[in-house]
Amino acid sequence: MFTRRELGRLALAASAGALVSGPRRLLAGVTQAARPNSLINGVQVGLIVPYSLGREAGDAESILSVVTGIGISAIELQTSPVEAFAGRPPTVSGRGGGRGGGRGQMTDEERAAQAAARREAADTVRAWRTSVSMDRFKALRAMYNDAGVSIYGFKFDSGLDLEMTDEEYEYVFHVAEALGASHVTMELPTDGALLRRIGRFAERRKIYAAYHTHTQGSMTAFDEAFAASPANMSNIDVGHYVAGTGESPLPFFEKFHDRIASFHMKDRRTPANGGANMPWGQGDTPLTDLLHLVQRNRWTMPATIELEYPVPGGSTRAAEISKCLEYCRQALAQGPSSERRPRPPRTGVSE
């Protein structure tokens, strides 16, 4: 365990760039802010990590270095760096021994060995998750908070299923709470029983379950999830929405704004225009109009940058994320009317 003072020194070292070469390469050409602030005229702009950063910033300390260097002050944090920081035991996956990694057809013995290895790995992770202390997760939160970065969403990448134990479900929501997240994000299930079970745990823990969509997002995609529990929310991706439906996501926001925990931003073209991911401002996604809508209505759901367009030669992922952040700053440059102050962000499921 780190003391809070040690965590503070770690965070200061990160913001000074005293870390590994990966973050240094990522931050090449980026002007680093003294302290991050991506709350822009009432709209909290965030970033999903480490996905948006690629493979060069995989651990929690490196991610913090890059995020603060860009100037992002709130994030959706994925499972891998969180659990690695907390001491998750390493597991071995893959086809196992023989055949140089197994490109040829497997024998029955190899298939059986692979299945046994997967069961053993799953059992190891399950045992760790259902017994680990939350102290290290709280230490990660303290390290990020001391550097000026809050964690509003915990992305449980593998998702929950009906075969998992109640203890595994509790673990996921305990981690979100320890990190200070108001919601757990995961891919949208299609099983009504699963949606009801997740919703029950979310209600009990007072931490939202926010479901992410790709091109299946639509005006009706979340109907079953919303009906299953008041704690089931949306983590809609507006770029995928445009590429899947060919329509604007603005009507979805106007109708379901009170069921959106956070949303992902990228600029994609409509199906008629090829559906490609584009640098912001070059696609068909109405990002500026959407940011204005959130700002004008003082909605508090974070707007999450997700970098997916190809990084141009000579640039870095951090530099492109900085461009996306600047796009948001320009779109939100004129703040909303001062007649009303923005409501505070959600902290969990209401009583």
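What counts, and where the lines are drawn
Residues numbered from 1 in each chain as written. Predicted model: local features only at pLDDT ≥ 70, side-chain atom pairs only at ≥ 80, totals over all residues. Heavy atoms only, no water. Helix = DSSP H or I, 4+ residues; strand = E, 2+ residues; numbered from the N terminus. Buried < 20%, exposed > 50% of the residue type's maximum accessible area, 1.4 Å probe, protein only. Contact = heavy atoms within 4.5 Å. Areas by Shrake-Rupley, 256 points an atom, 1.4 Å probe, with all protein chains shown as cover. Axes fitted to C-alpha atoms, helices over the stretch in contact; angles between N-to-C directions. Parallel < 35°, antiparallel > 145°, perpendicular 65-115°, else oblique. Left-handed = near helix turned anticlockwise from the far one by under 90°. Nonpolar A, V, L, I, M, F, W, Y, C, P; charged D, E, K, R; others polar. pLDDT = per-residue confidence, 0-100. Phe/Tyr/Trp six-rings, centres within 6.5 Å; stacked < 30°, edge-to-face > 60°. Lys NZ or Arg CZ within 6 Å of the ring centre and 35° of its normal. Expected span 1.5 Å × (residues − 1). Disulfide = S-S within 2.5 Å. Core = buried A, V, L, I, M, F, W, Y, C linked by side-chain atoms within 4.5 Å. Pairing = 2+ DSSP bridges. Right-handed = clockwise from strand over helix to strand, strands pointing away.

K.L.:
It is not clear to me how the overall build of the protein should be interpreted in this structure. Could you clarify?
P.N.:
A tally of helices and strands in the protein yields 13 helices and eleven strands. Here the protein holds 351 residues, and the buried ones make up 51% of them. Counting contacts in the protein only where the partners sit at least 6 residues apart, residues at least 24 apart contribute 78% of the total. Of the roughly 16,000 Å² that the protein leaves accessible, carbon and sulfur atoms contribute 49%.

K.L.:
Honestly, the packing of helix H7 (residues 166-179) against helix H8 (residues 192-205) in this entry has me stumped. Any pointers?
P.N.:
How two helices pack is summed up by the angle between their axes together with the distance between the axes. Remark: H7 packs on H8, axes separated minimally by 10 Å, with the N-to-C direction vectors making an angle of 50 degrees. Classified by the angle their axes make, H7 and H8 are oblique. Crossing angle aside, the handedness with which H7 passes H8 is right-handed. Contacts between H7 and H8 involve Asp-166, Tyr-169, Glu-170, Phe-173, His-174 and Glu-177 on the former and, on the latter, Leu-194, Arg-197, Ile-198, Phe-201, Ala-202, Arg-204 and Arg-205. Partitioning the contact of H7 with H8 into residue classes produces six nonpolar, one polar and six charged.

K.L.:
Hey, could you run me through the confidence of the model for the protein in this one?
P.N.:
The predicted coordinates ought not to be read in detail in places where the model reports low pLDDT. Overall, the prediction assigns the protein a mean pLDDT of 87, with 82% of residues at 70 or greater. Long-range and interchain partners of residues 1-20, a stretch whose pLDDT sits below 50, account for 34 contacts in this model, where long-range means more than four residues apart. The low-confidence segment residues 94-102, where pLDDT is below 50, has 13 contacts with residues more than four positions distant or belonging to other chains.

K.L.:
Hey, could you run me through the packing of aromatic side chains in this one?
P.N.:
Aromatic rings considered in pairs are described by the distance between their centres and by the relative angle of their planes. According to the stated counting rule, one finds 13 aromatic pairs in the structure shown. Judged by centre distance (4.9 Å) and plane angle (90 degrees), the rings of Phe-253 and Phe-263 are edge-to-face. Placement of Phe-253 in helix H11 (residues 250-256) and of Phe-263 in strand E8 (residues 263-265) is noted, with a sequence separation of ten residues between them. For the pair shown, Phe-253 and Phe-263 are each scored as buried. The structure contains a cluster of three or more aromatic residues connected by ring pairs, namely Phe-222, Phe-226, Tyr-241, Phe-252, Phe-253, Phe-256 and Phe-263. Sitting over the ring of Tyr-169, Arg-197 keeps its end group 3.9 Å from the ring centre. Lying over the aromatic face of Phe-201, Arg-204 brings its terminal NZ or CZ to 4.5 Å of the ring centre.

K.L.:
Before we go on, may I ask you to explain helix H13 (residues 317-331) in this structure?
P.N.:
One turn of the α-helix equals 3.6 residues, which is why residues spaced by three or four share an orientation. The terminal C-alpha atoms of H13 lie 21 Å apart, and with 15 residues this matches the ideal 21 Å at 1.5 Å per residue to within 8%. Listed in full, the buried residues belonging to H13 are Ala-318, Ala-319, Glu-320, Ile-321, Cys-324, Leu-325, Cys-328 and Ala-331.

K.L.:
I tried to follow the state of the cysteines on my own but got confused; where do I start?
P.N.:
Summed over the entire model, instances satisfying the criterion amount to zero disulfides. Of the cysteine sulfurs around Cys-324, a residue in no disulfide, the closest is that of Cys-328, at 7.3 Å. What makes Cys-328 buried here is its relative accessible area of 0%.

K.L.:
Explain the nonpolar core to me, please; I cannot follow it from the model alone.
P.N.:
Considering soluble globular proteins, one finds that nonpolar side chains tend to be buried as a cluster. Counting 87 residues, the largest nonpolar core has Phe-137, Tyr-144, Phe-154, Phe-253, Phe-263 and Met-265 as the members making the most contacts within it. The leading source of residues in this core is H7, at eight residues. Residue contacts for Phe-263: discarding those within four places in its chain leaves Asn-235, Ile-236, Val-238, Phe-253, Leu-290, Val-294, Met-301, Pro-302, Ala-303 and Thr-304.

K.L.:
Help me understand the pairing of strand E7 (residues 232-235) in this model?
P.N.:
Regular strands have side chains that alternate between both faces of the sheet. Judged by which residues are buried, E7 turns out to be covered on both faces: Asn-232 and Ser-234 on one side and Met-233 and Asn-235 on the other are all buried. Taken together, the four bridges between strand E6 (residues 208-212) and E7 define a ladder with parallel strand orientation. Looking at the pairing, His-212 lines up with Asn-235 of E7. Handedness of the β-α-β unit built from E6, helix H9 (residues 223-228) and E7 comes out right-handed.

K.L.:
Please explain the environment of Ala-122 as it appears in this structure.
P.N.:
Take Ala-122: it is sitting in helix H5 (residues 108-129). Assessed through its relative accessible area of 34%, Ala-122 is described here as partly exposed. In this structure, the C-alpha to C-alpha distance between Ala-122 and Thr-91, residues 31 residues apart in sequence, is 8.5 Å.

K.L.:
Even after reading the chapter, I still don't get the pairing of strand E2 (residues 43-49), so can you show me in this structure?
P.N.:
The buried fraction of E2 is high, at seven of seven residues. Across the two faces of E2 the burial is the same, with Val-43, Val-45, Leu-47 and Val-49 and Gln-44, Gly-46 and Ile-48 all buried. One ladder, built from two bridges, connects strand E1 (residues 39-40) with E2; its direction is antiparallel. Bridge pairing in E2 places Ile-40 opposite Val-43. A loop of two residues connects E1 with E2, the two strands running antiparallel in sequence, and Asn-41 in this loop sits at a positive phi of about 45 degrees. Two elements, E2 and strand E11 (residues 303-305), share three bridges in a ladder whose sense is parallel. Within E11, the position partnered with Val-45 by the bridge is Ala-303. Where E2 meets strand E3 (residues 74-78), three bridges bridge the pair, whose relative direction is parallel. Residue pairing in the sheet places Val-49 in a bridge with Leu-77 of E3. Taken together, E2, helix H3 (residues 60-70) and E3 constitute a β-α-β crossover, and its handedness is right-handed.

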